[in-house]
Amino acid sequence: MPKIFIDGKEIEFKQGQTIIEAAKDAGIDIPHFCWHPSLSVSGNCRICLVEVEKMPKLVIACSTIAAEGMVVYTQSQKTLAARNAVMEFLLINHPLDCPICDEAGECKLQDYAYEHSIGESRFVEEKVKKEKRVPLGPRVMFDGERCISCSRCIRFCDEIAKDPELTFVQRGDRVTITTYPGEVMDNPYSMNVVDICPVGALTNTDFRFKARVWEMSATKSICNGCARGCNIDIWVRNNEILRLTPRHNESVNSYWMCDHGRLNTFKFVNDSSRIDSPHIRKEGQLVKVGWDEAFAEASSRLKSFSKDEIAVIGSAFATCEDNYLVARFAKSVLGTGHLDFIHHNDPSFEDDILRRSDRTPNSLGAKLVGVRPSKNGLDFNSIIKAISERRIKALYLVEDDTIQNDPEIENILAKLDLLVVHSTNYNKTTDIADIVFPASTYAEKNGTFVNFDGMIQRIKPAVSTLEADRALEGMAMSRLDKFGTRWDRWAQGVKFDARPTWRIISGLSSVMGYKFKYNMAEEVFKDIASGITSFNHLDYDIIGEQGFKIKASVLEKEILE
Amino acid sequence: MEKILLPDIKNLHLIDVYVSNGGYNAAKKAFTQTPDDIIDQVKKSGLRGRGGAAFLCGLKWSFMPKTTDKPKYLCINGDESEPGSFKDRQIFEFNPHQMIEGAIITCYAIGAKTAYVYIRGEYHKWIKLLQKAIDDAYANGFVGEKMKETFGTNFFCDIFIHKGAGAYICGEESSLMNSLEGKRGYPRVKPPFPAQNGLWGCPTTINNVETIANVPKIIEKGWEWFSNIGHPKHPGTLLFGVSGHVNKPGVYELPTGTLLTDIIYKYAGGVPNNKKVLCVIPGGTSMPPIRGDKLEGVRMDAESLKEVGSAIGTGGVIVMDEDTDLVKVLARIAHFYHHESCGQCTPCREGTGWLEKILKRIIAGKGSVSDLDLLITVANQIEGNTICALGEAAAWPVKFMVERFRDYFEQRVSKEISLPVANKVHSMRQTAVPLADVKN
């Protein structure tokens, strides 16, 4: 492979790579604002100017193609002078309002000002005034004065969202960004511009002014909005999720996620409709009870039905670990083969960027770990039919709202003698349930999802429940979590009494005389890995932060079985 | 001396007059030769670009790929946006056919089928004049498909005028191409250069109007003839647009290497009231100025001006007499580049405004000696760090004016400005509350 020298270090590069790309692959970070690995090169910020031997002027590392034997200096006097110059220029008209800026703490301009700036400005003139608080669209707010005109947002709309909505207008230091006449920036991916904006010029209307970045913990997880399984970070303060941001995974979602996933998939976690502790219906009302009482009640009532009268419905919203125990619970504890999960398909949601018509994060996983009818068992539609015909009298339903999904089912489910439900929030199905177990949300547990493409990915707890403590569980912690005292406001966030579905099943089974010896989700996964071909030889560490893709041939064989 | 571009022939802009004076014979001659022969002759003639950079024309043509499956284009730059420059419009008005003929020959040489003439929108009158000339050339079979018949060749090409919308930056070749494509006038990052990736991504050659107008004469009279005119390393004549404090401002066609003092005193009639010259900008406002006491012996060609620390630019000579307020001149120049900076890249976008603000503050009597150093360092921070040459265009006049007239500028600023607060501007505001009045 051809080689270039960066600051005396010999590094290999692939033909056609630019200096900045070659450096990045070798772990050398050349400062950049406008350059983004997934966008075209615009070369306008000039912070990546570097000295290259035999070139008369400094060149920008983002657009200069690496050539064999090229000698690049990223720390030479000339390079540093140019970098300082660019930093000084960028800051002269910048409002320097970091104390009230949402971006502070994750701002490239702020970071570089510390890293590459001389620390004082010689600028004593009046700054340029521009428009502030301009809604570019329903979900993104623009501050013209903070903008450094890097054009990342413009290029994102053109190249990734494929919906050109933004443009520069005016000239010189009056340049600003606006939407084309008659356009608003409302493409389904619009909020990604907030992430790629290197400064605080573009802010998320749902999140702005909610928290300082350093007050929140970030936990690597997976979006549950559709079967793509975009990699995300969950940002939590005071045990409350405040925002989601996409996390880079080139083979799943690159740097992006859709606005729907970002906005509509986390608010239920801290919602007032969360179910806190188990409930049993007594005299028509759901009444809060302890876990032991709920287990005992569920156990005794389930035992009153013959095996063939019970059906179990797993969930494509739950993890593989959850579903694996649901399947084993159905087959080994209840002894029924009437087992399935509900598909949530919405073709209108799908596009050719990220969004999939399957609106659940784990339907492939649920299927793979065994949530499907046994040989003579009933599938979902047949179960519903059997309930209406009173052949099925007890239904064990996990993490899904059947009635919300299909209102006509309400009358059918009313015919059941027993409806046991695991649910995170109150919904139309819990309204008629006899026993309700409070389930932890995807943001409160460990586990795995398998996306439409066979990519196994991990979720981790970001919010603590009564049973899961931040420090003890090794959850991501913010400065406040670490250094706050228990008298601080942020230590007083609400913790719900909820458990992951696999743990609820395990507890109930134990009362019913069947012992699953799992203490952690990871142990459940170990059994999945040894029992199911698609997961063979895997563990949480191998899946890691970027996921593990099941071979298409293995997957195909297993699904056909 | 023979004039190449603006000969003293009455009504030469009319096609009949042009033809009766041997017009379009050069094109006829060109079509008997191969394109490579034409490029070779232009190379040997030593013709250098007249748009400012004085790049060797034939060499530029030779960068065009010989084999490509894409169309090739010729782009003729008539944006003429450099302040102090007003020569191309003389060609449009008085000798448009020579440029058209040059365009045809150039198209043939580089293998282009289409030539665009990009003219600034403010040149409405000259756009009409050139359009009339192009229409006449079409009607007489010198341009378009009929060329085949007229010249007995298989080659033909078209010429279109594209009107600019009033941006200095669109005189920069890559923003000119973007503008022509209907995009925002932003310069492109180079490389790739126009010969590889020009208009609509196709191989393109961009030449100045005056450059192209020279081509027919080189073909007609031979490269040796041309190369013997003026300075050997920058041969030919130049259209010097002389303006400012001279008795006879105007466009003078003179051989390269003419003495600057001759241009001012012999041709432009000297300075009104015999005042002394304080400063001369030799090639449009972006070129480094020359002190009035250093004019003796300065010759006007690319090589000689380089020796005295300036450049030929577009040959727009701006003369300033001893009563000129150079600070105001420089502030006005800085204002222009601030106003015209496209705003794409950081140093120029932010730096040009800063320069203007400092100069305006000096004019307002709030400047100090340290501001002169600040001007020079800010200019240095712009220079060389930008996408296009506007960075240099904005930085050079400030840097060199302050450096070369340091004594003059020092008289216009105080040794030290003591202002009640660190931020000088805040202290200048009428509304600012005096610090003494602020009670704890």
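Residues numbered from 1 in each chain as written. Chains lettered and ligands numbered in written order. Predicted model: local features only at pLDDT ≥ 70, side-chain atom pairs only at ≥ 80, totals over all residues. Heavy atoms only, no water.

### Considerations on the interface of chain B and chain A
Of the residues lining the interface, 38 residues belong to chain B; the matching set on chain A comes to 35 residues. In total, about 3000 Å² of surface goes out of reach between chain B and chain A, with carbon and sulfur atoms giving 50% of it. On inspection of chain B and its partner chain A, the count reaches three salt bridges. We note a salt bridge from Lys57 of chain A to Glu392 of chain B, for which the minimum N-O separation is 3.9 Å. Across the chain B-chain A interface, the total number found is 20 residue pairs in polar contact (both at pLDDT 80 or more). Mapped onto the side of chain B that touches chain A, the elements with two or more residues apiece are α14 (326-340), α15 (346-363), α16 (369-382) and α19 (424-428) of chain B. It is α15 of chain B that contributes the most residues to the side of chain B that touches chain A, 10 residues altogether. (Contact = heavy atoms within 4.5 Å. Buried area = accessible area lost by both parts, 1.4 Å probe. Salt bridge = Lys/Arg side-chain N within 4 Å of Asp/Glu carboxyl O. Polar contact = N/O pair within 3.5 Å; in protein donor to acceptor, adjacent residues only side chain to side chain. Helix = DSSP H or I, 4+ residues; strand = E, 2+ residues; numbered from the N terminus.)

### Structural notes on α16 of chain B
Residues and elements named next belong to chain B. Its 14 residues give α16 an end-to-end C-alpha distance of 21 Å, which sits within 8% of 20 Å, the value for a rise of 1.5 Å per residue. Here α16 lies mainly inside the structure; 10 of its 14 residues are buried. Within α16 the residues assigned to the buried category are Val369, Asp371, Leu372, Leu374, Leu375, Ile376, Val378, Ala379, Gln381 and Ile382. The first or second residue beyond α16 is Gly384, which carries a positive phi of 80°. (Expected span 1.5 Å × (residues − 1). Buried < 20%, exposed > 50% of the residue type's maximum accessible area, 1.4 Å probe, protein only.)

### So, the confidence of the model for chain B
Residues shown with low pLDDT carry predicted positions that ought not to be read at fine detail. Residue and element names in this part refer to chain B. Mean pLDDT over chain B: 94, with 94% of residues reaching 70 or higher. For the stretch residues 431-440, pLDDT sits under 50, and the model shows four contacts to residues farther than four places along the chain or on other chains. The complex prediction reports pTM at 0.94, with the ipTM value standing at 0.92. (pLDDT = per-residue confidence, 0-100.)

### Digging into the domain arrangement of chain A
Residues and elements named next belong to chain A. Domain annotation for chain A reports domain 1 (3-90), domain 2 (98-103 + 124-270) and domain 3 (279-461 + 497-553). Taking only C-alpha atoms into account, the centre of domain 1 sits 27 Å from that of domain 2. Domain 1 puts 14 residues into the contact, and the matching count from domain 2 is 15 residues. Here domain 1 meets domain 2 over a buried area of about 1100 Å², counting both sides, of which 55% is carbon and sulfur. Of all residues in domain 1, the largest losses of buried area upon contact with domain 2 belong to Phe33, His36 and Leu39, amounting jointly to 46% of the total for that side. On the surface where domain 1 and domain 2 come into contact, there are nine residue pairs in polar contact (both at pLDDT 80 or more). Of the residues contributing to the side of domain 1 that touches domain 2, the split by class is seven nonpolar, six polar and one charged. (Domains from an automatic or database assignment. Nonpolar A, V, L, I, M, F, W, Y, C, P; charged D, E, K, R; others polar.)

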